[in-house]
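# Fold and contact review
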Amino acid sequence: MDQRRHGTAFRARLAFRAHPAWVGPITWAVVACAALAPADSLAQPSGNEGSDAILVLAAASLGEVLPGIARRWTRETGVPVDFSFDATSRLAHQAMETGRADVFVSADAVWMDWVEERKGILPGSRTTLAGNALVVVVPAGSPGSPGPHPSTWEGVTRIALAGENVPAGRYAQEALEALGLWNTLAEKTVRAGSVRSALEWVATEEAQAGVVYATDLPISEGVREAWTIPQDAHAAVTYTGAILAESARAPLAEDFLAFAAGPEGRRLFAAAGFLPPPEPDSQAIRQAPPEQRPSVASAVRISLLVALAATLAGLGPAIFLGWILARHEFRGKSILTTAVLIPLVLPPVVTGFLLLSLLGTQGVLGGWMHALGIDLPFTLPAAVLAALVVGLPLYVVAIRGAFEAVDPHYEELSWTLGSPPAATFRRITLPLALPGIVAGAVLAFARALGEFGATVVLAGNVEGETRTIALAVYSLLESPGGRETTWLLVTASVALSVGALLGYEGLLRRQRRRMEHRT
Amino acid sequence: MTPASPAVLDLHVQVPVGHPALDLRMATAAKAIAVVGPSGAGKSTLLRAIAGLERRARGFVTVQGEAWQDDNAKVRLPVWERRVGWVPQDALLFPHLSVRENLAFSGASTAQEVEATADVLEVAHLLERRPRNLSGGERQRVALGRALLADPRILLLDEPFSALDRPLRIQVATLVGRLTRDRDTPIVLVSHDEEDAEILAQEHWHLNQGILTPPA
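Keep in mind that this is a model prediction, so the values were computed, not measured.

Summing up its helical and strand segments, chain B has 6 helices and 11 strands in all. C-alpha extents for chain B along the principal axes are approximately 45 × 35 × 35 Å. Taking all 216 residues of chain B together, the buried fraction comes to 48%. Taking all contacts inside chain B whose residues are at least 6 apart in sequence as the whole, residues at least 24 apart take part in 70%.

Right, here's the structure in full:
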């Protein structure tokens, strides 16, 4: 019976393992982006409710080495281990809020301190496990070699770093500042949800350089190392594990942590390219960079700008498509309908990924645009495009409904009175459908305000450029403070959405009144 | 105007609707024609075929000697070039336009003509109103005025009196008769009611089982 139980847990663990060897680098983007998605970011590995398995929340960069160590430990103890890998910043919040996990492994001391201050871990259970180095990576085929001298970065227009509150992102920024490179490079940085997303952006050449951990290098075939950042330029990378206060299996968890820190664990860490745990005194040499928080005003402004631009840009296509679908029968209509509606049912991150595949510098269209000097990803227009594509189905459906509500006999009557179809459209159809069309635009506007998944993939999360309310809230969720700012943004978001929906209802009612021709 | 030279209306169209399918044949020199038949017999389809609105109609339609449709010669005049005065059963005034804008919609008449016609139809006091504030009889009269002000070559009336009570029917019918005689506009009226036909038409046709029967 035990056998069967362990088998189940093992499958669950396999399903949860982030990176089997056959997963190509492209798929990584989806995995990384999925990890960025807002809903259910509290990972819930399946099937261990009530089982003996311990649940470990661990920094994304440990995604390969820790499962290997866990396998050895399971062989000795018979206790399976489930993992949830993500950026440390997100896991720290989950560690405080889920109450289900047993071990938290952070990629820096800052976040472990944060959890400890909130009494989230068992006192005295902190254990340093390993260290790591930072490297500058470039796409495998890139001729450039960005290094210590600013001039070596001249060909680089975009540098991928992990988020400003993610350890890898903090270490990287700290190092670039210490080396005197930050002032020239700050404007070029794009922030990824985790160090693995940053790695993938370089592999797909969306960014011409990135800063990742040395141990991330073998994960992707699409990158090569350009420069190992000197160890003394940043606080020593320190992976620290601790037992969570809520753990129901603390003795087992403690044993696992001791095993990982012990000779066998060290051997496996070293084999995977990790450095030995830094000396305790070197950890606190530097202060972590001050916490960075998104600006509320900028997020609201960008949200409104993106939503408005997407709504206006979509108006023409939505009217055209809505009209075609409402009034015409033609071959391939169901195919067109499906094509228009598909972003409504696809997960937005998938839509974003498809757009990135098409428009990224490696994409069919994007490569061609790149040659013309137009780089769309991670720009404001990219955020507009993402919001537009994801919002278009609602837009078209609403406008199709508005046109369908217009009795075609009015149009026929207008023809008999000498107005050809174009004039009839202008004089009869459009005015009669107008409240419904405006309602559709308001709905599309509201949807654009709420867009997250496709935006974060195609447009990134660039403060002051593409960081909308949704993205700002998401960034705040992984920063150690900022609950007040979060609530401000949440209030703004709810107010805007409710306002838009009320407007939508009002306009629909007006459309219905307009259609009444009987008393 | 002998029956041998059907100067007003000469048509033969087949429309694949109903059982049996419609096979409509009509040749007449009468200026006011009524087609009577039970509901669902295809009366509205006949009017739509004349107006050019019935895409499935095959055959030919000649009005006042002019070929509007002749599938053998690949002729099909678009609806907007036929100038028919179509008054549908439920008036269908454009709900977003005032009575005045509805009357003037075709652009074929001057502002004075619009007001004169509104006077005759006793809707002059309603010119600035929206259709939803009108009674059924008022709507019917505005719809009639809108059709007449388009300077039609033929007036197509679909159950034009169904929304009116008897005194009003006679009043409106008299008006229609006067206005069309003044302008020498032929009328085709369809109704399920023999009485309606009596009021206005010189010649009564019957539509039954998909076939038109000429007056006895």
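Secondary structure summary: chain A contains 21 helices and 10 strands in total. In chain A, 81% of the contacts between residues at least 6 apart in sequence involve partners at least 24 apart.

Opposite the 19 residues of chain B that make contact, chain A presents 18 residues. Per-class residue counts for the side of chain B that touches chain A are 15 nonpolar, 2 polar and 2 charged.

Residue and element names in this part refer to chain A. Counting buried positions over the 9 residues of helix α8 (residues 195-203) gives 9, a clear majority of the element. For α8, every residue scored as buried is listed here: V195, R196, S197, A198, L199, E200, W201, V202 and A203. Looking at the residues trailing α8, positive phi occurs at E205, about 65°.

Counting 226 residues, the largest nonpolar core has V103, F104, V202 and A386 of chain A together with I50 and L156 of chain B as the members making the most contacts within it. Here this core gets 18 residues from one element, more than from any other, and that element is helix α16 (residues 380-404) of chain A. Those residues within four positions of L156 of chain B in sequence are excluded, and the remaining contacts are L47, I50, A51, V84, G85, W86, V87 and V188 of chain B.

For the rest of this paragraph, the subject is the sheet that holds strand β8 (residues 209-213) of chain A. Residues and elements named next belong to chain A. Spatially, 5 strands are ordered β7-β6-β8-β5-β9 in an open sheet, and the strand pairing comes out mixed. The strands lining the two open edges of the sheet, one partner per strand, are β7 (189-192) and β9 (223-228). Neighbour-to-neighbour, the strand axes of this sheet turn through a mean angle of 35°, independent of strand direction. In the packing of helix α6 (residues 167-178) onto the sheet, contacts are made with β5 (134-139), β6 (159-162), β7 and β8, and the angle to β6 comes to roughly 125°.

The next thing to look at is the domain arrangement of chain A. Residues and elements named next belong to chain A. Domain parsing of chain A yields domain 1 (2-131 + 237-283), domain 2 (134-233) and domain 3 (296-515). At the level of secondary structure, the elements contributing two or more residues to the side of domain 1 that touches domain 2 comprise α2 (25-36) and α4 (88-97). Element by element, the count of residues in the side of domain 1 that touches domain 2 is highest for α2, at 6 residues. Residues that form the side of domain 1 that touches domain 2 fall into these classes: 14 nonpolar, 5 polar and 2 charged.

Position of L476 of chain A among the secondary structure elements: in helix α20 (residues 469-477). For the pair L476 of chain A and P294 of chain A, spaced 182 residues apart in sequence, the C-alpha to C-alpha distance is 7.3 Å.

Residues and elements named next belong to chain B. Its identity is not glycine, yet A91 carries a phi of approximately 65°, on the positive side. Among the structural elements, A91 can be located in the loop between β7 (84-87) and α2 (99-103). The backbone phi angle of D151 is positive, close to 55°, even though this residue is not glycine. Looking at where D151 falls in the secondary structure, it is placed in the loop between α4 (136-148) and β8 (154-158). On the basis of neighbour count, D151 is assigned to the partly exposed category, with 15 C-beta atoms found within 10 Å.

This brings us to the confidence of the model for chain B. In regions of low pLDDT, the predicted coordinates are not meant to be interpreted in detail. Residues and elements named next belong to chain B. Confidence in the prediction for chain B averages 88 pLDDT; 97% of positions are at 70 or higher. Averaged pLDDT values over the elements of chain B bottom out at 80 in helix α6 (residues 194-200) and peak at 96 in α2. Overall fold confidence (pTM) sits at 0.70, and the ipTM for the predicted complex is 0.93.

Residue and element names in this part refer to chain A. Spatially, β2-β1-β3-β10-β4 is the arrangement adopted by the 5 strands of the open sheet, whose pairing is mixed. Where the open sheet ends on each side, the last strands, each with one partner, are β2 (81-86) and β4 (127-132). For this sheet, the mean angle separating the axes of adjacent strands, direction not counted, is 20°. Here 4 bridges tie strand β3 (residues 103-106) to strand β10 (residues 237-243), and the two strands are oriented antiparallel to one another. Note on β10: the bridge partner recorded for V103 is I243.

Moving on, we get to the packing of helix α12 (residues 296-327) of chain A against α16 of chain A. Helices that pack against each other are described as a pair by the angle of their axes relative to one another and the distance between those axes. All names here are of chain A. Relative orientation of the contacting elements α12 and α16 amounts to 40°, with a least axis distance of 7 Å. It follows that α12 is oblique to α16 by the angle criterion. For the pair α12 and α16, the sense of crossing is right-handed. Among the residues forming the contact of α12 with α16, the class breakdown is 20 nonpolar, 3 polar and 3 charged.

Once that is clear, we can look at the environment of P435 of chain A. Residues and elements named next belong to chain A. Structurally, the position occupied by P435 is in helix α18 (residues 421-450). On the neighbour-count criterion, P435 (22 C-beta atoms within 10 Å) is buried. Each C-alpha atom, one on P435 and one on A261, is 67 Å from the other, the two residues being 174 residues apart in sequence. Apart from the residues lying within four places of it in its own chain, the contact partners of P435 are L507, R510, Q511 and R514.

Residue and element names in this part refer to chain B. By the alternation rule, side chains of strand β1 (residues 9-15) split into L9, L11, V13 and V15, which are all buried, and D10, H12 and Q14, of which none is buried. Between β1 and strand β2 (residues 22-28), which pair antiparallel and follow one another directly, the connecting turn spans 6 residues, one of which, G18, has a positive phi of 80°. Across 6 bridges, β1 lies against strand β4 (residues 58-63) in antiparallel orientation. Looking across to β4, one finds that L11 is bridged to V61.

With that out of the way, let us pick up helix α13 (residues 333-345) of chain A. Its 13 residues give α13 of chain A an end-to-end C-alpha distance of 19 Å, which sits within 8% of 18 Å, the value for a rise of 1.5 Å per residue. At A339 of chain A, α13 of chain A shows its largest kink, close to 30°, and the proline P343 of chain A lies no more than four residues downstream.

Residues and elements named next belong to chain B. Two elements, β4 and strand β5 (residues 66-70), share 4 bridges in a ladder whose sense is antiparallel. Residue V63 lies in a different strand from β5, and its bridge partner there is E66. Taking the residues between adjacent antiparallel strands as the criterion, β4 and β5 are bridged by 2 residues, where Q64 takes a positive phi near 50°. Two strands pair when backbone bridges link them, and β5 and strand β6 (residues 75-76) are joined in this way by 2 bridges, in the antiparallel orientation. Looking at β6, one finds that D70 is bridged to V75.

Reading guide: rules and limits
Residues numbered from 1 in each chain as written. Chains lettered and ligands numbered in written order. Predicted model: local features only at pLDDT ≥ 70, side-chain atom pairs only at ≥ 80, totals over all residues. Helix = DSSP H or I, 4+ residues; strand = E, 2+ residues; numbered from the N terminus. Buried ≥ 20, exposed ≤ 12 C-beta atoms within 10 Å, placed from the backbone. Contact = placed C-beta atoms within 7 Å. Nonpolar A, V, L, I, M, F, W, Y, C, P; charged D, E, K, R; others polar. Core = buried A, V, L, I, M, F, W, Y, C linked by C-beta atoms within 7 Å. Pairing = 2+ DSSP bridges. Axes fitted to C-alpha atoms, helices over the stretch in contact; angles between N-to-C directions. Domains from an automatic or database assignment. pLDDT = per-residue confidence, 0-100. Parallel < 35°, antiparallel > 145°, perpendicular 65-115°, else oblique. Left-handed = near helix turned anticlockwise from the far one by under 90°. Expected span 1.5 Å × (residues − 1). Bend = angle between axes of the 7 residues up to and from the residue.

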